[in-house]
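# A look at the structure
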Amino acid sequence: MNKLKDWKNRLKDRHMLSVMVVLIAIIIAMGVWIYKKQVDYRQASENQYNMAFFELVDYVQNVETYLAKSLISSTPEHGAQTLTHVWREANLAQVYLSRLPIESVELEKTAKFLNQVSDYSYSLSRKNINKQKLSEEDLNNLTKLHEYSVELENTLNQLSTDMNEGRITWGELTKKGSVAFAQEVSNISQSSFSNLEENFHEYSGLIYDGAFSEHMTSSTKKGLTGENIDEEKAKQIATKFIGEDKVQEINLSSKSENTDMITYDFNVKVNGEKEPNLVISISEKGGHVVFMNYNRNIEAESVSQERADEIGKKFLEDHDFPNMKETYYLKQDGIVTINYAYEQDGVTIYPDLIKLKIALDNGEVMGIETTGYLNSHEKRNIETVQITKEQAKQSLNKKLEIKSENLAIIPTEWKTEVLCWEFKGKIDDTDFLVYINSKTGKEEDILVIVNTPNGTLTH
């Protein structure tokens, strides 16, 4: 009997032990699950904050660019368009600012600034729409707003760098928000700002990586000449373009047919490489090179920007792209991408654009894009100028210090072209390109030139 009782007691103890083991396992599993959920939640929140922050950075940059344009605009029509852009960008910046995990009191002055920019730019745009020019006081206020927008942009860019490099987290940013963001807003009279609540109607984006680099597209590809070719002919053209001595292996990867420019696309293994690392596209119509890109490690830079320009121009001439003029460039990771525009009778034809990618260790051409050129290129019948250069200058902002002047054909948002006087100049520390219609004297467009250590871009 005693043995039986002992056996029953041991069984109970084992049962309790099993129960305890199961309970502990459940608690650990729940803890792990809760911890994982918390990590997932924090990551999701972090991603949302990152998205909101970088959207804010973009919109503040746009505010600064459009405010700069508003200072140089000399016609009510263009001024109204530019100021309406400022209004929209400032509104969107406020939206993303409000999504950051920082107490509103800490962001009060930044939010106040964006609100003032929004309201004031809108009130001035209404003034322009009513054919009224901006007063000296208006321009002075815009200048002050622009100065602060530059400060705010610099602050945000520094915060962006700090976050990317892990020097600051969102938790720290929450605590330091008042230091990082809330700087003094320029002292502009409150009475200057209206509290208008109107809807914005249309918006078009900035032009990036070179003037008019977003080419016109149309069903008629003026530069896409010649008869249709087959795959074998396309392969021969691609091999010759790259250099027969460089091509170890070339294979068709696809034929792009669901586009407005049908191409044969090839993967290429260059001599000395283990894997294919070059792609090239040849148009079915005419066998034109539409795109090529080659990637390799870049050694120490030894080719200057001026030499790269010469290499690019010579390369284009050798491949039946004569009379190309370098315009804008961007350097990155030992490679310079240069925009070349066609030139006819001394007139720069911006729609006929080609981009080249050149290695700065040995000057090798590593990439080309000819889409703009193939869309638009033809010999133009350039119309007679009706507005002289001196007459066009009368339309410019009097503060613009002119550095160069030239005739240029530029594309319009309506997919047409217009002949303009192109004036490059400076106001204070900002460089501009101003385009005056050579037929009507109308201010067609203004671009802000951004000179950086890595290149010259336009907005």
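The coordinates are above.
Read on for an overview of the structure. Every value quoted in this text rests on a predicted model; they were computed, and no experiment measured them. (Residues numbered from 1 in each chain as written. Predicted model: local features only at pLDDT ≥ 70, side-chain atom pairs only at ≥ 80, totals over all residues. Heavy atoms only, no water.)

## Some points on the overall build of the protein chain
Scanning the protein chain from N- to C-terminus turns up 9 helices and 13 strands. Taken across its 459 residues, the protein chain has 46% of its residues classed as buried. Look at the contacts in the protein chain between residues 6 or more apart in sequence, and 61% of them connect residues 24 or more apart. A total of about 25,000 Å² of accessible surface is found on the protein chain, and carbon and sulfur atoms cover 49% of it. (Helix = DSSP H or I, 4+ residues; strand = E, 2+ residues; numbered from the N terminus. Buried < 20%, exposed > 50% of the residue type's maximum accessible area, 1.4 Å probe, protein only. Contact = heavy atoms within 4.5 Å. Areas by Shrake-Rupley, 256 points an atom, 1.4 Å probe, with all protein chains shown as cover.)

## Remarks on helix 4 (residues 136–164)
Over its 29 residues, helix 4 extends 42 Å from the first C-alpha to the last, a length consistent with the 42 Å expected when each residue adds 1.5 Å. A positive backbone phi angle near 75° is found at Gly166, which sits one or two residues after helix 4. (Expected span 1.5 Å × (residues − 1).)

## A word on the side chain of Glu443
Here Glu443 shows up in strand 12 (residues 443–452). Of the residues examined, Glu443 reaches a relative accessible area of 2% and is grouped as buried. Filtering out sequence-adjacent residues up to four positions away, Glu443 remains in contact with Ile72, Ser73, Ser74, Thr75, His78, Val434, Tyr435 and Ile436.

## Examining the pairing of strand 11 (residues 430–437)
Burial runs high along strand 11: 8 of the 8 residues are buried. What you see with strand 11 is no split at all: Thr430, Phe432, Val434 and Ile436 on one side and Asp431, Leu433, Tyr435 and Asn437 on the other are buried throughout. As paired strands, strand 10 (residues 417–427) and strand 11 are joined by 8 bridges and run antiparallel to one another. Residue Gly425 lies in a different strand from strand 11, and its bridge partner there is Phe432. (Pairing = 2+ DSSP bridges.)

## Some thoughts on a negative patch on the surface
The grouping of Glu147, Glu151, Asp428 and Asp429 at the surface amounts to a negative patch. Within the secondary structure, Asp429 sits in the loop between strand 10 and strand 11. Look at Asp429 and you get exposed, because its relative accessible area is 74%. (Patch = residues over 30% accessible without salt bridge, like charges linked within 9 Å, V, L, I, M, F, W, Y side chains within 5 Å. Salt bridge = Lys/Arg side-chain N within 4 Å of Asp/Glu carboxyl O. Lys, Arg positive; Asp, Glu negative; His and termini not counted. Charge placed at Lys NZ, Arg CZ, Asp CG, Glu CD.)

## What about the nonpolar core?
It is characteristic of soluble globular proteins that their nonpolar side chains tend to be buried jointly. Judged by nonpolar contacts, the single largest core of 57 residues is most densely connected at Ile280, Leu316, Ile368 and Phe432. In terms of residue count, strand 7 (residues 347–359) provides more of this core than any other element does, 6 residues in total. Discounting residues that sit within four places of it in the chain, Phe432 has contacts with Ala68, Lys69, Ile72, Leu400, Phe423, Lys424, Gly425, Ile427, Ile446, Leu447, Val448 and Ile449. In terms of nonpolar packing, the next biggest core, distinct from the first, is built from 31 residues, Tyr66, Leu83, Leu97 and Val117 among them. (Core = buried A, V, L, I, M, F, W, Y, C linked by side-chain atoms within 4.5 Å.)

## Comments concerning the packing of aromatic side chains
Following the criterion strictly, the structure yields 4 aromatic pairs and no others. Ring geometry for Phe241 versus Phe315: centroids 5.6 Å apart, planes at 85°, classification edge-to-face. Within this pair, whereas Phe241 is found in helix 6 (residues 231–242), its partner Phe315 is found in helix 7 (residues 305–318), the two being separated by 74 residues in sequence. The exposure classification of Phe241 matches that of Phe315, with both residues buried. (Phe/Tyr/Trp six-rings, centres within 6.5 Å; stacked < 30°, edge-to-face > 60°.)

## Some remarks on the side chain of Asp138
Within the secondary structure, Asp138 sits in helix 4. Judged by its relative accessible area of 7%, Asp138 is buried. Look past the residues within four positions of Asp138 in its chain and what remains in contact with it is Tyr120, Leu124 and Lys127.

## Describing the pattern of salt bridges
Between side chains of opposite charge, pairing is possible as soon as their charged atoms come close. Counted according to the given criterion, the structure contains 16 salt bridges. Note that Arg296 is salt-bridged to Glu364, the shortest N-O span being 2.9 Å. Of this pair, Arg296 sits in the loop between strand 4 (289–294) and helix 7 while Glu364 sits in the loop between strand 7 and strand 8 (365–369); the two residues are 68 residues apart in sequence, bridging distant segments of the chain. You can call Glu364 buried: its relative accessible area is 17%. Between Glu405 and Lys393 there is a salt bridge; the shortest N-O distance is 3.1 Å. Here Lys393 lies in helix 9 (residues 389–393) and Glu405 lies in strand 9 (residues 401–411), a separation of 12 residues in the sequence. Overlapping salt bridges bring together Lys246, Arg296, Asp361 and Glu364 as one network.

Interpretation in functional terms is not warranted from these geometric data alone.
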